[in-house]
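Inside the fold
Below are the chains, spelled out letter by letter.
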Amino acid sequence: MALRQFAAAAAIAATFGFAASPALAVTEIQWWHAMTGANNDVIVKLANDFNASQSDYKVIPTYKGNYPDTMNAGIAAFRAGNAPHIMQVFEVGTATMMAATGAVKPVYKLMAETGEKFDPKVYLPAITGYYSTSKGEMLSFPFNSSSTVMWINLDALKKANIADIPKTWPEVFEDAKKLKAAGYSNCGFSGSWVTWVNLEQLSAWHNVPLSTKANGLDGFDTVLQFNGPLQVKHLENLVELQKDKTYDYSGRTNTGEGRFTAGECPIYLTSSAFFGNVKAQAKFNFTAVPMPYYPDAKGAPQNSIIGGASLWVMGGKTPDEYKGVAKFLTFLSDTDRQVYIHKASGYLPITKAAYEKAKAEGFYKDQPYLETPLIELTNKEPTENSRGLRLGNMVQLRDVWSEEIEQALAGKKTAKQALDAAVERGNTMLRQFEKTAVK
């Protein structure tokens with residue numbers, strides 16, 4: 001009797017798919033990321049949607065801290081033999097990842113080996129160029145791309161009787177003084193990511209070099225050059241305006257962004273991907289406009305460069321795991337899914353089709369500020385100074401540059417002394433990286 005009951009139970013289990021079977025074995029794909037808030041919700045939804053769309057693979061997203069923390073955790077995990085399958089790495093970590101031979105699986109190779117349909121030409125070149133070899137081979141998968149924009153509290157401008165949104169740096173300085181007089185006493189304007197905004201983007205937007213060799217894209221033997229007249233003048237302006245808080249420093253990363261959404265800083269330069277939080281938290285009318293420029297700079301504005309991050313596929317995984325990763329990247333490239341990511345997060349669509357579809361749907365008519373970074377990126381054909389940048393040890397470099405900028409803002413060094421020191425110290429670090437990097 002017991003045997004018959006067991007057989008019956010086994011039959012029922014088999015009918016309902018409870019029995020252990022190789023066909024039901026799900027291959028887990030670990031995805032480490034650095035997204036918080038509204039953007040974390042997007043990551044979770046993408047993973048859930050992919051998992052619901054098929055039964056062979058399960059993507060498991062895990063938040064590993066901010067961008068530098070996530071990259072460092074991934075590299076440490078690779079050395080320990082337990083790296084994730086997919087790691088989100090911010091754009092300035094590209095040179096470090098490229099030099100980590102064996103630690104990564106280039107996306108173009110992954111897609112070819114797994115037989116997934118893959119055409120790099122369907123992606124926006126302003127975005128993919130950053131993550132590709134000089135031959136156009138995609139090393140990593142562009143995921144969340146952004147650019148620097150200037151966020152504007154429209155109610156604050158109205159309160160200060162400012163009729164037009166500022167377009168140039170002198171206009172920003174002037175309007176920030178008016179805003180300060182109108183009650184924004186702690187902060188006329190500010191920004192996050194101090195080096196990205198005030199060195200990296202500033203240089204590209206004005207078509208002046210940050211570094212030789214096309215800002216490092218053409219070789220690890222690049223030499224920093226951002227202590228030129230334009231960059232020095234800009235830092236001098238910030239130092240002067242910091243004295244009475246017409247400009248007020250908000251830190252090295254994006255921890256100060258809440259100063260905009262709280263209504264404290266009415267003009268704020270940071271990533272276009274700040275959109276999700278602005279939409280959720282701002283209790284005022286807002287917009288985002290292109291970065292300001294110096295009107296006396298020849299040819300300005302040029303084009304902006306991307307920020308954000310890409311997905312790197314880590315080395316040492318099984319063919320089946322790689323098949324799952326490739327299928328997930330194909331899933332992410334779907335036009336409708338790209339439009340969803342763009343609308344939900346403010347990050348840019350990475351394919352031409354998604355950008356065209358968003359335009360055709362009239363998406364930018366109601367929210368023109370979401371097209372602002374795309375307009376900046378495609379403003380002019382990129383030059384050697386504005387294609388992007390690829391510098392080794394970029395996380396550490398940014399810390400050194402920030403340290404020197406902070407010295408200038410505190411009145412301990414002149415702007416020229418600070419940028420000279422940032423260049424000198426940075427070049428020493430680049431030469432160290434060059435020695436260890438595989439050419």
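Residues numbered from 1 in each chain as written. Predicted model: local features only at pLDDT ≥ 70, side-chain atom pairs only at ≥ 80, totals over all residues. Heavy atoms only, no water.

An unreviewed UniProt entry lists the protein chain under the name sn-glycerol-3-phosphate-binding periplasmic protein UgpB, from Bradyrhizobium iriomotense. In its Sequence similarities (unreviewed entry) section, UniProt records this for the protein chain: "Belongs to the bacterial solute-binding protein 1 family." (UniProt positions renumbered as here; feature names shortened; annotations may be inferred.)

**So, the sheet that holds strand β7 (residues 189-191)**
Pairing between the strands of a sheet is mediated by backbone hydrogen bonds and can be parallel or antiparallel. Across the sheet, which stays open at both edges, the four strands sit in the order β7-β8-β6-β9 with mixed pairing between neighbours. With partners counted over all chains shown, the strands left at the sheet margins are β7 and β9 (286-289), one partner each. Adjacent strand axes in the sheet meet at a mean angle of 25°, parallel and antiparallel pairs treated alike. Of the pairings in the sheet, the one linking strand β6 (residues 148-153) to β9 comprises four bridges and is antiparallel in character. Residue Met150 lies in a different strand from β9, and its bridge partner there is Val289. (Pairing = 2+ DSSP bridges. Helix = DSSP H or I, 4+ residues; strand = E, 2+ residues; numbered from the N terminus. Axes fitted to C-alpha atoms, helices over the stretch in contact; angles between N-to-C directions.)

**Section: helix α16 (residues 352-360)**
By the burial criterion, the buried members of α16 are Ala354, Tyr355 and Ala358. Projected onto a plane normal to the axis of α16, the buried residues spread over an arc of 100° and lie on a single side. Buried residues in α16 make contact with α15 (335-345), α17 (363-366) and α18 (372-377). The first or second residue beyond α16 is Gly362, which carries a positive phi of 75°. (Buried < 20%, exposed > 50% of the residue type's maximum accessible area, 1.4 Å probe, protein only. Arc of directions from axis to C-beta. Contact = heavy atoms within 4.5 Å.)

**As for unusual backbone geometry**
Note that the residue after Ala300, namely Pro301, is joined by a cis bond; omega there is 0°. With respect to the element layout, Pro301 can be found in the loop between β9 and β10 (307-314). Phi is positive for Trp193, which is not a glycine, with a value near 45°. Its place among the elements puts Trp193 in the loop between β7 and α9 (194-205). In this structure, Asn393 is a non-glycine residue whose phi angle is positive, near 55°.

**Overview of empty space enclosed by the protein**
Counted under the stated rule, the structure contains four cavities of 30 Å³ or more. Roughly 60 Å³ of internal volume is contained in the largest cavity. Trp169, Phe189, Ser190, Gly191, Ser192, Val194, Val197, Asn198, Leu238, Tyr247 and Leu269 are the residues that line the largest cavity. Breaking the lining of the largest cavity down by element, the ones donating at least two residues are β7 and α9. Grouping the constituent residues of the lining of the largest cavity by class yields seven nonpolar, four polar and no charged. (1 Å grid on protein atoms, 1.4 Å probe; cavity = no way out; pocket = protein on both sides within 12 Å on 5 of 7 lines; lining within 4 Å. Points joined across faces, edges and corners; volume = space filled by probe spheres on them. Nonpolar A, V, L, I, M, F, W, Y, C, P; charged D, E, K, R; others polar.)

**Examining the side chain of Thr351**
Its location among the elements puts Thr351 in the loop between α15 and α16. With a relative accessible area of 3%, Thr351 lands in the buried category. Among residues more than four places away in sequence, those in contact with Thr351 are Val122, Tyr123, Leu124, Ser333 and Gln338.

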